[in-house]
Amino acid sequence: MFGVILFTGGPRRARRIVLAFDSASDADAFAVENHYVDYLVAPLSFLAPAGTRRIR
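Let us look at the structure shown here. Keep in mind it's a predicted model, so treat the numbers as computed, not measured.

### Section: the overall build of the protein chain
Okay, so step 1: The secondary structure content of the protein chain amounts to one helix and three strands.
Okay, so step 2: Scanning the protein chain from its N terminus toward the C terminus, one meets helices and strands in the order β-β-α-β.
Okay, so step 3: In terms of overall size, the protein chain is more extended than a compact globule, its C-alpha atoms giving a radius of gyration of 14 Å where 56 residues would be expected to give roughly 10 Å.
Okay, so step 4: Overall size of the protein chain, expressed as C-alpha extent along the three principal axes, is 45 × 25 × 10 Å.
Okay, so step 5: Long-range contacts, defined here as pairs at least 24 residues apart, represent 45% of the contacts in the protein chain between residues at least 6 apart.
Okay, so step 6: Taking the average place of the 7 positive charges on the side chains of the protein chain and the average place of its 5 negative ones, the gap between the two points comes to 17 Å.

### Quick word on the sheet that holds strand β3 (residues 39-43)
Okay, so step 1: On the basis of which strands lie adjacent, the open sheet formed by three strands has the order β2-β1-β3 and antiparallel pairing. Sheet topology places β2 (13-21) and β3 at the edges, where each strand pairs with a single neighbour. Across the sheet, the axes of successive neighbouring strands diverge by a mean angle of 25°, strand direction being ignored.
Okay, so step 2: Taken together, the six bridges between strand β1 (residues 2-8) and β2 define a ladder with antiparallel strand orientation. Bridge assignment links T8 to a residue of β2, and that residue is R13.

Cut-off values and rules
Residues numbered from 1 in each chain as written. Predicted model: local features only at pLDDT ≥ 70, side-chain atom pairs only at ≥ 80, totals over all residues. Heavy atoms only, no water. Helix = DSSP H or I, 4+ residues; strand = E, 2+ residues; numbered from the N terminus. Rg over C-alpha atoms; globule rule 2.2 N^0.38 Å. Contact = heavy atoms within 4.5 Å. Lys, Arg positive; Asp, Glu negative; His and termini not counted. Charge placed at Lys NZ, Arg CZ, Asp CG, Glu CD. Pairing = 2+ DSSP bridges. Axes fitted to C-alpha atoms, helices over the stretch in contact; angles between N-to-C directions.

Below is the structure:
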């Protein structure tokens with residue numbers, strides 16, 4: 001899964017994050033279609049808190 005991070009003024013301040021795309025190219029296409037200029041496509045990480053049991 002990937003997300004698009006939109007930046008606004010200042011040194012790379014995130015304005016908005018749009019989730020979740022199946023591929024980096026899908027995320028990039030979304031950004032291009034919406035005429036975003038200052039953005040970054042990044043992979044998503046989902047973390048589980050320590051001590052959480054896994055479902056079998």
